[in-house]
Amino acid sequence: GAVVSQHPSRVICKSGTSVKIECRSLDFQATTMFWYRQFPKKSLMLMATSNEGSKATYEQGVEKDKFLINHASLTLSTLTVTSAHPEDSSFYICSASGQGASSYNSPLHFGNGTRLTVT
Amino acid sequence: AQSVTQLDSQVPVFEEAPVELRCNYSSSVSVYLFWYVQYPNQGLQLLLKYLSGSTLVKGINGFEAEFNKSQTSFHLRKPSVHISDTAEYFCAVSDRNFNKFYFGSGTKLNVKP
């Protein structure tokens, strides 16, 4: 089945530094990628939607200058948390949909998430 | 716009007992409905989906769900749970182009021996 690889699975960084999270579709072309943030005991909050080659569309309340999303190819999207602060600590999950991913049977494929801890 | 409500944040149940996790949605357009399962520190795995056809859908791990249009519900059921079913379960809806997914707040299923 379709696979989405997210890296790193865990990262600890110091306050003020930037962190890049990668999301790759391994066996299909991800025309659309979604980035979610999951707070403890809460649901997934959609942060932004990105289409290959286009600027990401951010949800209301998400700072686009802080959470930089790049979707330069059909297999890779990156989320960069710039000037991270402790309140950015969270679990970030990417998901992808697109061609060749048996979209009708399973339209959305998730990465395994990245646990970000900012100290 | 669509929204999803999962009223039960936690459901404790004994092993081999039946369980139902509730999901209600609201939408002004036709939607597709999904249940996902999340194990600790992992992404989401699709359990089952309703796209069209029979309102009773069967998924992996013995789970099933029934789409009830009049009650705008999509409750998840399993007749006999196992310890390994302990996880968090998310109900989700999407538009018919899969352009956006909206998730409920999740229900933690805790299966006790």
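Our subject is the structure listed above.
Computed from a prediction, not measured in an experiment: that's the story for all the values here.

Draft legend 1. Expanded view of the overall build of chain B. Helices and strands together make up the secondary structure of chain B, namely zero helices and twelve strands. Secondary structure elements of chain B, listed N to C terminal, follow the sequence β-β-β-β-β-β-β-β-β-β-β-β. Against the globule reference of 13 Å for 113 residues, chain B gives a C-alpha radius of gyration of 13 Å, in line with a compact fold. Expressed along its principal axes, the backbone C-alpha trace of chain B runs to roughly 40 × 30 × 20 Å.

Draft legend 2. How the structure looks around the environment of Tyr89 of chain B. Residues and elements named next belong to chain B. Structurally, Tyr89 can be placed in strand β10 (residues 87–94). When its relative accessible area of 1% is taken as the criterion, Tyr89 is described as buried. Once the C-alpha coordinates of Tyr89 and Leu46 are considered, the two residues, 43 residues apart in sequence, prove to be 9.9 Å apart. The contact partners of Tyr89, leaving out residues within four places of it in the chain, are Gln6, Leu21, Trp35, Tyr36, Val37, Leu47, Phe63, Leu76, Gly106, Thr107 and Leu109. Looking at Tyr89, its side chain comes within polar contact range of the main-chain oxygen of Asp85, at 2.6 Å.

Draft legend 3. Region of interest: the nonpolar core. Residue and element names in this part refer to chain B. If you look at the biggest cluster of nonpolar residues, it comprises 27 residues, and the most contacted ones within it are Leu33, Trp35, Leu47, Leu48, Phe74, Leu76 and Tyr89. Counting only elements with at least two residues in this core, the list comes to β2 (10–14), β3 (19–21), β5 (32–38), β6 (44–50), β8 (64–68), β9 (73–78), β10 and β12 (107–112). Among the elements that make up this core, the one with the highest residue count is β10 (four residues). Beyond its immediate chain neighbours, meaning those up to four positions away, Leu33 contacts Tyr25, Leu48, Lys49, Tyr50, Phe67, Phe74, Ala92 and Val93.

Draft legend 4. How the structure looks around the interface of chain B and chain A. Counting residues at the interface gives 19 residues for chain B, matched by 22 residues for chain A. Summed over both partners, the interface of chain B with chain A buries about 1700 Å², with 57% contributed by carbon and sulfur atoms. Between chain B and chain A we count zero salt bridges in total. Every element with two or more residues in the side of chain B that touches chain A is listed here: β5, β6 and β11 (101–103) of chain B.

Criteria and thresholds
Residues numbered from 1 in each chain as written. Chains lettered and ligands numbered in written order. Predicted model: local features only at pLDDT ≥ 70, side-chain atom pairs only at ≥ 80, totals over all residues. Heavy atoms only, no water. Helix = DSSP H or I, 4+ residues; strand = E, 2+ residues; numbered from the N terminus. Rg over C-alpha atoms; globule rule 2.2 N^0.38 Å. Buried < 20%, exposed > 50% of the residue type's maximum accessible area, 1.4 Å probe, protein only. Contact = heavy atoms within 4.5 Å. Polar contact = N/O pair within 3.5 Å; in protein donor to acceptor, adjacent residues only side chain to side chain. Core = buried A, V, L, I, M, F, W, Y, C linked by side-chain atoms within 4.5 Å. Buried area = accessible area lost by both parts, 1.4 Å probe. Salt bridge = Lys/Arg side-chain N within 4 Å of Asp/Glu carboxyl O.

All quantities given are derived from atomic positions and should not be read as evidence of function.
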